[in-house]
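What follows is each chain in one-letter form.
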Amino acid sequence: MPPKPPRKGGAAARGQRASPDRGTGGTPPPAAARLEFGETDFVALCDTLRVSDIVRANAWKTYEKVSSADGTLVGYSEKKKDVWGICIYIAAVDLDEMTFTFTELLKSIGMSVCTCFRLLREMDVNMDTISTKVDSNVSRLNKKYDVLSALYHKFERTCGLIYMMQASSQTSAELNLPLVLKTSWITFLLAKGKVLQMEDDLVISFQLLLCVLDYFIKLSPPAMLKEPYKSHVSAMSINGSTRAPRRSQNRSTRTSKQTDTDTKVIEVLCKEYDCNLDEVKNVYFTSFIPFLNSVGIVTSNGLPEVEDLSKQYEELYLKNKDIDARLFLDNDETLQRNHIECLQLERTPKKNNPDEELNPILQQTPVRAAMNTIQQLMMILNSASDKPSDNLLSYFNNCTVNPKEGILARVENLGNIFKEKFAEAVGQGCAEIGSQRYKLGVRLYYRVMESMLKAEEERLSVHNFSKLLNNNIFHTSLLACAVEVVMATYGRNASQSDGTSTETDLSFPWILNILDLKAFDFYKVIESFIKAEPSLTREMIKHLERCEHRIMESLAWQSDSSLFDLIKQSKEREGQADQPEPTCTLNLPLQHNHTAADLYLSPVRSPKKKGSTASLNPTPIIDAQPVLAPQTQKPQKSTSLSLFYKKVYRLAYLRLNTLCLRLLFDHPELEHLIWTLFQHTLQNEYELMKDRHLDQIMMCSMYGICKVKNVDLRFKIIVTAYKELTNTNQETFKRVLIREGQYDSIIVFYNLVFMQKLKTNILQYASNRPPTLSPIPHIPRSPYKFSNSPLRVPAGNNIYISPLKSPYKFSEGMLSPTKMTPRSRILVSIGESFGTSEKFQKINQMVGSSDRQLKRSAEVSTAPKPLKRLRFDIEGQDEADGSKHLPGESKFQQKLAEMTSTRTRMQKQKLNDGTDTSATEEK
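In this text the structure is predicted, and so the values were computed from the model without any measurement. (Residues numbered from 1 in each chain as written. Predicted model: local features only at pLDDT ≥ 70, side-chain atom pairs only at ≥ 80, totals over all residues. Heavy atoms only, no water.)

### Topic: the overall build of the chain
Stage number 1. For the chain, the helix and strand inventory stands at 36 helices and nine strands.
Stage number 2. Expressed as a percentage of its 923 residues, the buried residues of the chain come to 49%.
Stage number 3. Counting only contacts in the chain whose residues sit at least 6 apart along the sequence, the fraction spanning at least 24 positions is 76%.
Stage number 4. Summed over its atoms, the accessible surface of the chain is roughly 44600 Å², and 50% of this surface lies on carbon and sulfur atoms. (Helix = DSSP H or I, 4+ residues; strand = E, 2+ residues; numbered from the N terminus. Buried < 20%, exposed > 50% of the residue type's maximum accessible area, 1.4 Å probe, protein only. Contact = heavy atoms within 4.5 Å. Areas by Shrake-Rupley, 256 points an atom, 1.4 Å probe, with all protein chains shown as cover.)

As structure tokens, then:
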């Protein structure tokens, strides 16, 4: 039991009341209640944080649990106070009794945010130590801290470009730079807290920060500003715009001064950071100005009164009980990152030095990365229209039933729903921002639809797509996919600079929920969407692929999914194997030429090859009415179900293989057994997947096989390794459906559900006649071709080539040089970093020596032995012999030209290979 909380009195009294001699009826208390010095500190810490008796009791139980676990809290044995603080936080969150803020907790135990998050992960040794409720709370705090930290560092650097560091004689002594920065930052924090309900939206938060900077630049005297801001503010003063509002002016007058037509300052800020000017103006007039009107700012010395703003922010901070972001201004230790994390900050690249290879390559800041990603999307959509093009209209007119009116009405209705739900999630003042993003999604929707129809026209040699274009689910799915691309682009989180995905309030499957779209229906459009839009960035393709994986893992297996109806129908077909997809196809490459049209109309029609007139029956695609099959006709196999199971099997085995390599490297023979049980469950006991996760079945299969094979592998070890895999969630093993409305850990699920259902099958693996092993699936690379993926040169001495990246960015309709990172500057890599002239000379020497060796071989024999050099003869020709180069070119120039030419040919061949395999699949 935990130490009893004190009533009143000093430290001595507390120690006396909690002494071991004190008991009830002369009976000594349990040993756990005998207080040592450290336990007295636990009582004092509880007093500092004002926690209740029940929180103290639960916190102490958690401490006893984690301190008794083997290998836990290594390095923290001498820091009990740190562990106690975390245990108190866990108990308070679980019991909804937060009597302290997160910053108060960190201050009381002298710990930084990053150290606290790391200690929480280390303490999560058992599945019941930290609940999913605490996980969610910590995740929210982590995301909020990431956003605030990224924005503050950007704020610091931006202010360094705006304001003069040295005070000018022309400025008032009371108006100094630290005061301006403090007032600006607190104003931003207050605006962010009042305007945005979604705390982790990096893009809108940064746009709001630009509005705040614009506001304070206009309030600052020109002598404090650097160019070009100084000139713009001076011009405003000359033109009659009052620089600084005074106390005597009322709030409406002050606001009107800030809403004048002069937008030069905000234009400069937007141009500097590649922000869309229209979007920032939207935030300014729909969110920031109403915020100024609502808070009733009182000015002093030309600036808002900082104490008044700080008091209002204090109320907001105490209400949320999270992070006091004002402490960024003081470089407070609780908000500091460690050295490794600080390496992600944007810095100027330095010249090479002998220790260069030891230095990690620096990445873009989160804000810069987010802005660049949005710019890439704008490049795709700048020329697109938010109305159907003439080509699309011609497709509509060719239909038996023209779908135009239905499409336009659907776009408008879903747009109204999206705008409303976006405002509910982000903030009511952000409704127009949601409308802007939806319009971008509509542009992409029409663009991809046209591309899909062109591909279908070439594939089927038909022009009437009435059946498809009048399919409501197809259009809703396609539009949802387009909007999801836009939302993911803008929803890039501050912790995504490493390319990993991070959940936000608007993350997938939010779009499915608000549009009332089933995940299995959405899945059908993803692959065709990616293939129809070749301009999608690698990040967007990876995001859509991750959405597809999430659908296959769990979303498609929800109890109201149409997937279960399709599986039941497949088992009712006469003469068909009793399985959605035959296991004999598992070890074959995943090749198909199915399109979204096939999947949405399945099983009405299956794909037809172009030119195959004997099998082409255009009736299903042009007829707007359902096709009535004769009563005696056998149910057709569902194309969408078959392809879905093929992909699920491959994803499942890929996950299993990764986990086995971590846990069963001493028992490689068990992987095939585990896979057989895993595949059997998905095929024959698919009801176990209802409202559950694919990985839950995987972990149970692994544990069950290891159990019957007498291999000591506990669930604790399995989930510890599982947590290290990419794109995993602790809720997967902490909260598993047991029966309707009841959830528990994966251990309880195994004992009460999984084992009971599959006991007979599992025991067969311990017998002399084990079940027939399922074929190992063929695991291909991602089915989606990434144009930016480096390709290894055959026999190329560790040489990789990448598609040429344009050194320009699209900015307001003009090409301008980009700010490239050190990594992006290296367009050629031969096993090491470039930078010094000696490394280029080595390349020339390598090329020269290869040419001399070739000449010597030619003199000795008329049929020289092929050399291991940069040689590409994909088309039967060797362009590396220098015959096609200009006489004045250096060896290095020739080599680069050869590599560029080869890169182009390899990409063409890769595309042709993909086309050939699709064309020959059904022969």
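Structure shown, so let's carry the discussion forward.
### Points about the packing of helix H4 (residues 80–94) against helix H7 (residues 132–162)
Pairs of packed helices are described in terms of their axes, by the angle between the two and the distance that separates them.
Stage number 1. In the contact formed by H4 and H7, the axes pass within 9 Å of each other and the chain directions differ by 110°. In terms of their interaxial angle, H4 and H7 are classed as roughly perpendicular. In this structure, H4 contributes Tyr89, Ile90, Val93 and Asp94 to the contact, and H7 contributes Lys133, Val134, Asn137, Val138 and Leu141. (Axes fitted to C-alpha atoms, helices over the stretch in contact; angles between N-to-C directions. Parallel < 35°, antiparallel > 145°, perpendicular 65-115°, else oblique.)

### Some words on the pattern of salt bridges
Stage number 1. Applying the stated rule across the entire model yields 30 salt bridges.
Stage number 2. One salt bridge in this structure joins lysine 218 and aspartate 214, with 3.3 Å as the shortest N-O distance. One end of the pair, lysine 218, and the other, aspartate 214, are both in helix H9 (residues 202–219), four residues apart, so they sit about a helical turn from each other. Each member of the pair, lysine 218 as well as aspartate 214, is classed as buried.
Stage number 3. When the shortest N-O distance is used, the salt bridge between aspartate 274 and arginine 368 registers 2.8 Å. One end of the pair, aspartate 274, is in the loop between helix H12 (264–272) and helix H13 (277–295); the other, arginine 368, is in helix H16 (residues 366–381), and 94 residues separate them in sequence. We note that aspartate 274, like arginine 368, is buried. (Salt bridge = Lys/Arg side-chain N within 4 Å of Asp/Glu carboxyl O.)

### Comments concerning the nonpolar core
Stage number 1. Among the nonpolar cores identified, the biggest contains 240 residues, and Tyr89, Phe529 and Met702 are the most heavily contacted of them.
Stage number 2. At 14 residues, the largest contribution of residues to this core is made by H9.
Stage number 3. In this structure, tyrosine 89 is in contact with Met98, Phe100, Phe102, Leu105, Leu120, Val134, Asn137, Val138 and Leu141, ignoring residues within four places of it in sequence. (Core = buried A, V, L, I, M, F, W, Y, C linked by side-chain atoms within 4.5 Å.)

### Some details on the environment of isoleucine 297
Stage number 1. Position of isoleucine 297 relative to the elements: it lies in the loop between H13 and strand S1 (299–300).
Stage number 2. Along the chain, isoleucine 297 and threonine 187 lie 110 residues apart, while their C-alpha atoms are 9.9 Å from each other.

### Some points on the packing of aromatic side chains
Stage number 1. What the rule picks out here adds up to 44 aromatic pairs.
Stage number 2. Consider the rings of phenylalanine 42 and tryptophan 60, whose centres lie 5.0 Å apart with planes at 65°: the pair is edge-to-face. Of this pair, phenylalanine 42 sits in helix H2 (residues 37–48) while tryptophan 60 sits in helix H3 (residues 53–68); the two residues are 18 residues apart in sequence, bridging distant segments of the chain.
Stage number 3. What makes tryptophan 60 buried here is its relative accessible area of 3%.
Stage number 4. Ring geometry for tyrosine 215 versus phenylalanine 288: centroids 5.7 Å apart, planes at 75°, classification edge-to-face. With a gap of 73 residues between them, tyrosine 215 in helix H9 and phenylalanine 288 in helix H13 connect regions that are remote in the sequence. Take tyrosine 215 and phenylalanine 288: they sit in the same class, and that class is buried.
Stage number 5. Of the aromatic side chains, those joined through ring pairs into one cluster are Phe520, Tyr523, Trp557, Phe564, Phe644, Tyr645, Tyr649, Tyr653, Trp675, Phe678 and Tyr686.
Stage number 6. In this structure, lysine 690 packs its charged tip against the face of phenylalanine 564, placed 4.8 Å from the ring centre. (Phe/Tyr/Trp six-rings, centres within 6.5 Å; stacked < 30°, edge-to-face > 60°. Lys NZ or Arg CZ within 6 Å of the ring centre and 35° of its normal.)

### Comments concerning the packing of H3 against H4
Stage number 1. The N-to-C vectors of H3 and H4 enclose an angle of 125°; their axes lie 8 Å apart at closest approach. As the angle between them shows, H3 and H4 are arranged oblique. Two packed elements cross with a definite hand, and for H3 against H4 that hand is right-handed. Residues Val55, Asn58, Ala59, Trp60, Thr62, Tyr63 and Val66 of H3 touch H4, and the partners they reach there are Lys80, Val83, Trp84, Cys87, Ile88, Ile90, Ala91 and Ala92. (Left-handed = near helix turned anticlockwise from the far one by under 90°.)

### Examining the pairing of strand S3 (residues 736–739)
Stage number 1. Here S3 runs beside strand S4 (residues 742–744); their pairing, made up of three bridges, is antiparallel. Each residue of the ladder has a partner; that of leucine 737, found in S4, is tyrosine 743.
Stage number 2. Between S3 and S4, which pair antiparallel one after the other, the connecting turn spans two residues, and glycine 741 there sits at a positive phi close to 80°. (Pairing = 2+ DSSP bridges.)

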